[in-house]
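An overview of the molecular structure
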Amino acid sequence: MKILYLLLLLAAPALSFAQSGVLKGRLTSGSEPLTYATITLSGTKIGATTNEKGFYELPNVSPGNYFVSFSAIGYLAEKFGVTINSGQIAVLNGNLKENSSKLDEVVVTGVSRRTELKRNPVPIAVMSKREMNENVNNNVIDAIVKGVPGVNAVTTGPNISKPFIRGLGYNRVLTLYEGVRQEGQQWGDEHGIEVDQYAIGRAEVIKGPASLTYGSDAIAGVINLIPSLPEGANGILKGDYIVDYHTNNGMVGTSLGLALKNNDWRYILRGTAKAAHDYRNKIDGFVYNTGYTEYNLSGVVRVDKNWGYSQIVATLYNDQQEIPDGSRDSLTRRFTKQTSESLSDNIKKRVPVHYNDLKAYEIAALKQHIQHYRLYTHNQIKLGESTLNTSIGLQQSVRKEYSHPTLVQQAGLNVVLNTLNYDFKYNLTPIAGIESTLGVNGMYQTNTSKDATDFPIPDYNLFDAGIFLFAKKTFNKLDLSGGIRYDNRTINWDAFYVAPNPENGFAKKGTAGGNAQLQFPSFKHRYTGISGSVGITYNLSERLLLKANIARGYRAPNITEIGSNGLDPGAHIVYLGNRSFIPEFSLQEDVGIISYLKDVDLMAELFNNQINNYIYQAKLTDANGNPVIIVPGNTTYAYQQSKARLYGAEFTVNLHPRKLKWLAFNNSMSYVTGLNQNKQLIKQSNGQAKYLPFIPPLHLRSELKVTLQKAYGQFSKIYFKADVDAFAAQNRFYGFDNTETATPGYTLFNIGAGTTVKNKSEKTVCELFFQVDNLFDTAYQSNLNRLKYFEYYQSSPTGKLGIYNIGRNVSFKAVFPF
């Protein structure tokens, strides 16, 4: 009897299999396995997840006809019919298409706590690291410009890009590094954002006022650059090595990142080096003094516990950027170099630049040297259903501009900016479904001029503090959110004197008396502002939603707008501020409709922005209309203030047919008009002051991308793409006193390709990216290109004036993970 019972036990699995069946298979996306994807069988509780190679198995399935659902985060779900026969194995494979919809993505910018995009009424865009890799560029801002409609950049060569959002930039766009506001004299034209582009893993862009959360300087929007935080197995050192090369300016970039997880602790370290010589185009040839070198080092220590987390981050940035001035021979149009000081300098007698200097990686004597140091900590403490988030950061920006050809070691500008950032948020326990946050943030800042000869701004102290309340509630398909904020900013400086320096014949910081002249009379002022927003998001369905938001923004005048009175040698501009300026206040309305259909994504975002006390630059002229020259060879700009209005829209149509999983056709259009509402000035200028400066033209972008759905040997994730960037002519410009001129339209064609290389065990060896920008080497000048106005003559033998943008550029990028 016992023997019979034992035989029955041994036969049970076989009998069970004979009465049921097995479903197994593999899930992929293109040629890549999908790990941890979900498989469910309709009408049952049977399910499974795929393993690291994409395989799954559902045993003991009763015979019958079923629908099988395949799903994974970031991919479009698929459903298939399958028949399970008794005692048989059914094989069903699936290939899921990446979901272009980002509505389920969670954002951290401009919100009090992590929020899904579809629950946020504020226009916000997200770019992943892979998207930024596929938009290979000299800097991270240019990569964002390519990927986010409505974002542009004022440029001074390939390495210097100042972000603009919907026609507003400089201190109106707040740049964050993992939520910490970037403070590095961002009012200046001639230096970019002090971050390591290879360290950034994600970018979040708010298009519209974000003063509620961030206070002053976020009146146009926010760009939050979030560093990568690699995941890995416990106790195993992981990392990546990046190699980047661009043919146009010979840019060579290398970056090494290391990451280690030890139980609850994570450690990250990255070092980067970049170097480039002068860039070129077919009109100017090599553009003298546009090369640069850049070095970055960053480290992260983070611990995650049941009580929350704590993180400490340190970054070092060291950049040497040459300073172009556009001087050249009037007949040959060859670039020339300055060899004598301004008072004795004769443009027509400058020395032509040797060809070897144009391709040299050695930085020229006339340059700027920018060093930026950052140390900050993020902490979260869980208090039941509430959380307390704290951030404290220290930054130092050292900016030196060397503008003296006879004293190359003497800095013309030498300023040190020290900043203490603080941010505290208490996320309260939800009451009646209302999520609310009480917060306070701001900064303390000191600016000091060191050994220099030019002093465009005074030594000042600034204290900024703001308190805000934010609340959000969900009513079924409708999300309602909003809040209010009060800001207080105090800025002051003592009387600043400039005296002759007998050691070098230039000027130096002085004290009252003797030969010293008062450059900046003492000043103290307090700026206050109330800002806020209210918005709704209505999810008509999982694929269709409506958004509406109205926000009041606030911005206190920056230091150059109220305090400048001198030459910025790197910009070749004498700035004249006005200490009577009052804060800007904006009222912006946003309406959007987003539809993610089966085969197409449709998005329309419209905005209207009314700004009171808008501050802008304009060339200074005398009573006869002639330019005022305070420092020879440099332009003089005076700040103005008036009412302004900006309105426009962004439209997106992305085609991704499910039956053609290999195809994606993405299209976008962005448009903004900026109107100066100073009626008296418009009348005085005969309409030349009707429009605001630095307004981008109509921009159309189309990208056709083909992704192969299977691997070819060791090559997988193979894609090819071609895109077109079309910019309309900009005939709506601020033409008063020739501050701006009309800009012809142009079209750029670009192509790219990429692949992932794997070894026989399917481990990634490297990711390769290839790109050709400006394929046909089109000669063009963007209306946001500052070098367009670097011209000493009224005419030229070629009929071309100013400096043109970069020509054809072929780039190669390889990422080696380990």
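Up top is the structure.
Summarised in this report is the structure supplied together with it. (Residues numbered from 1 in each chain as written. Predicted model: local features only at pLDDT ≥ 70, side-chain atom pairs only at ≥ 80, totals over all residues. Heavy atoms only, no water.)

Glancing now at the sheet that holds strand 4 (residues 47-49). Here 4 strands make up an open sheet; going across it, the order is 4-3-6-7 and the pairing antiparallel. The sheet terminates laterally at strand 4 and strand 7 (78-84), the two strands that pair on one side only. Along the sheet, successive strands turn relative to each other by an average axial angle of 20°, direction set aside. Here strand 6 (residues 64-71) runs beside strand 7; their pairing, made up of 7 bridges, is antiparallel. Its bridge partner being in strand 7, G64 is matched across the sheet by I84. (Pairing = 2+ DSSP bridges. Helix = DSSP H or I, 4+ residues; strand = E, 2+ residues; numbered from the N terminus. Axes fitted to C-alpha atoms, helices over the stretch in contact; angles between N-to-C directions.)

Our next topic: the nonpolar core. Judged by nonpolar contacts, the single largest core of 43 residues is most densely connected at I144 and L225. Among the elements of the structure, strand 12 (124-128), helix 3 (140-147), strand 13 (151-155), strand 16 (173-177), strand 18 (200-207), strand 19 (221-227), strand 43 (600-619) and strand 44 (635-655) are those that each provide at least two residues to this core. Apart from residues no more than four positions distant in its own chain, I144 is found in contact with M127, V151, A203, V205, I223 and L225. The next biggest cluster of nonpolar side chains, apart from the first, holds 27 residues, and it includes F455, F523, I615 and Y639. (Core = buried A, V, L, I, M, F, W, Y, C linked by side-chain atoms within 4.5 Å. Buried < 20%, exposed > 50% of the residue type's maximum accessible area, 1.4 Å probe, protein only. Contact = heavy atoms within 4.5 Å.)

Turning to helix 3, a few remarks are in order. Among the 8 residues of helix 3, 7 are classified as buried, and the element is accordingly described as predominantly covered. Among the residues making up helix 3, those that are buried are V140, I141, D142, A143, I144, V145 and K146. Structurally, the start of helix 3 carries an N-cap: the backbone nitrogen of I141 is 3.1 Å from a side-chain oxygen of N139. (Polar contact = N/O pair within 3.5 Å; in protein donor to acceptor, adjacent residues only side chain to side chain.)

This brings us to the pairing of strand 35 (residues 496-500). Note that strand 35 and strand 37 (residues 517-520) share 3 bridges and pair antiparallel. Within the sheet, the bridge partner assigned to F496 lies in strand 37 and is F520. As paired strands, strand 35 and strand 36 (residues 507-510) are joined by 4 bridges and run antiparallel to one another. Along strand 36, the bridge assignment pairs P500 with A507. Counting the residues in the hairpin turn of strand 35 and strand 36 gives 6 residues, including G505, whose phi is positive at 80°.

Glancing now at the pattern of salt bridges. This model, assessed by the stated rule, comprises 37 salt bridges. Salt-bridge contacts for R166 lead to D590; the nearest nitrogen and oxygen are separated by 2.8 Å. Placement of R166 in the loop between strand 14 (161-165) and strand 15 (168-169) and of D590 in strand 42 (residues 584-596) is noted, with a sequence separation of 424 residues between them. The salt bridge partner of R333 is E791, with a shortest N-O separation of 2.9 Å. One end of the pair, R333, is in the loop between strand 26 (308-322) and strand 27 (336-337); the other, E791, is in the loop between strand 49 (764-773) and strand 50 (809-817), and 458 residues separate them in sequence. R333 gets classed as buried once you look at its relative accessible area, which sits at 9%. Within this structure, R166, K207, D590, E605 and E650 form a network of salt bridges that share partners. (Salt bridge = Lys/Arg side-chain N within 4 Å of Asp/Glu carboxyl O.)

Scope: geometric values only; no functional claims are made or implied.
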